[in-house]
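Survey of secondary and tertiary structure
Spelled out from the first residue to the last, the chains are:
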Amino acid sequence: SCSIVEKKINRIGSVGLGSIWNGVHAPGIQRSPNLELVAICDIDEEKLQAAGEKYGIPPERRFVDYHDLISCPDVEAVDICTSNDAHFEIAMAAVEAGKPYDLEKPITMTAEQADTLAKATEEKGLKNMVCFSYRFKAAARYAKDLIAQGKIGHVYHVDMQYFQAWGLPRDNCPLVWRFVKSRTGSGALGDLGCHALDLVRFVTGKEYTRVVGHTGTYVHERKLLPKDGEGTGKVDVDDFCNYMVDMEDGISASFQITRFGFGRGNYQRMEIYGSEGAIVYSLDAQGSGVDEIEVCSGDINADAHVFSKLPIPERYYVDQMQSFADILNGVGDGLAATIQDGQANQHVVDAIIKSAEEGTWLAP
């Protein structure tokens, strides 16, 4: 019966105890009645011990090597929150051990790795989730439904912005891993742009057919982190990335992505224009982290140029880590991103990088 499924508790081991784990994953695991954090892993011994004390993980289940966490018999599913360069090898190790996993984005450093990981996961038939977290925003799910129901007619245009400010010189951010190509793959594109790509694909339900990209870097040197020594190091990834895309059904979309958006926190705005209406989705517009949806539809609103903010029905509110628990327990809603979604995303990211270098349109 349903109630038995709901009570099933999955024992989780987390690898990578940085900001995304502390901010999103750990609290989400704590909130879920179906997840229990039983093991943790980080190469940083200090982070490891601090998290172990905070979450009551016994010393014998605090690992420095992810292989040990994955092979730990207490761990039923693996939660992967490391820097991008470690995603592929850790996820592959989970697959080889036959353990379901959730994985932060972008899933790999290259489309080729993404293909390998997706294929291996499929062959084992393993449950999985990619943490494209904006799929869990109620306003995005509401927008997706309105479009799927034909409420704004045929979609012509999507305009997507994702702006943060922490790259600006005034913030003095040191050379963290997100600025180092060998650890991150790409800069604002892989960090923010891949979320934007997934969100537009999620809301419209359409695939990308060709892309053209434009990237640039404003701050080329940043102060080294104390652990990396004195002086400065080279930034070899993009600070901003703009790209235009064609999608199925003749949809034309444009994206503006930057870490140099003065005054912005975690700001997103997606405008969707159809033959019978328009939708504006926004996140963090007032710096409060709130997601909102505004709609213009019908002759009266169209003629008056009025967009109305809609209250979002309760059914659209969901939680990322609970969604992973539901997937593990066979009651997922089918809306979370899978490894195949991550794979499709990585192909587009790679095409944008190549297109920006060559200055030409490319198919993903």
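Coordinates for the structure precede this section.
What you see is a predicted model; the values in this text were computed from it and never measured. (Residues numbered from 1 in each chain as written. Predicted model: local features only at pLDDT ≥ 70, side-chain atom pairs only at ≥ 80, totals over all residues. Heavy atoms only, no water.)

**As for the sheet that holds strand β14 (residues 277-283)**
- Strand order across the open sheet formed by 8 strands is β8-β11-β12-β7-β13-β14-β15-β16, with mixed pairing between neighbours. Whereas interior strands pair on both sides, the edge strands pair on one side only; in this sheet they are β8 (208-216) and β16 (308-309).
- As paired strands, strand β13 (residues 267-274) and β14 are joined by 6 bridges and run antiparallel to one another. The residue of β14 that forms the bridge with Met270 is Tyr281.
- In the packing of helix α7 (residues 138-148) onto the sheet, contacts are made with β7 (155-163), β13, β14 and β15 (291-297), and the angle to β15 comes to roughly 25°.
- Most of the contacts of helix α12 (residues 339-358) go to β8, to which it runs at about 50°, and overall it touches β8 and β11 (240-247). (Pairing = 2+ DSSP bridges. Helix = DSSP H or I, 4+ residues; strand = E, 2+ residues; numbered from the N terminus. Contact = heavy atoms within 4.5 Å. Axes fitted to C-alpha atoms, helices over the stretch in contact; angles between N-to-C directions.)

**Quick notes on the sheet that holds strand β6 (residues 128-130)**
- The 6 strands lie next to each other as β3-β2-β1-β4-β5-β6, forming an open sheet whose pairing is parallel. Every interior strand has two partners, whereas the edge strands, β3 (62-63) and β6, have only one.
- One ladder, built from 4 bridges, connects strand β1 (residues 10-15) with strand β4 (residues 77-80); its direction is parallel. Each bridged residue has a counterpart across the sheet, and for Ser14 the counterpart in β4 is Asp79.

**Examining the pairing of β15**
- Summarising the sheet, β14 and β15 pair through 7 bridges and their orientation is antiparallel. Counterpart to Gly277 in the pairing with β15 is Ser297.
- With 2 bridges connecting them, β15 and β16 associate as antiparallel partners. When the sheet's bridge partners are listed, Val295 is paired in β16 with Ser308.

**So, the pattern of salt bridges**
- Inspection of the entire model under this criterion finds 20 salt bridges.
- The salt bridge involving Glu76 is made with Arg11; its shortest N-O contact spans 3.9 Å. Here Glu76, found in the loop between α4 (66-71) and β4, pairs with Arg11, found in strand β1; they are 65 residues apart in sequence, far enough to count as distant.
- For Arg141, the salt bridge goes to Asp333, with nearest N and O atoms at 2.8 Å. With Arg141 in helix α7 and Asp333 in the loop between α11 (320-328) and α12, this residue pair connects regions lying 192 residues apart in the sequence.
- Overall, Arg141 belongs to the buried group, its relative accessible area being 5%.
- When its relative accessible area of 44% is taken as the criterion, Asp333 is described as partly exposed.
- Look at the salt bridges and you will find they share partners, linking Arg135, Asp198, Arg201, Glu207 and Asp341 into a network. (Salt bridge = Lys/Arg side-chain N within 4 Å of Asp/Glu carboxyl O. Buried < 20%, exposed > 50% of the residue type's maximum accessible area, 1.4 Å probe, protein only.)

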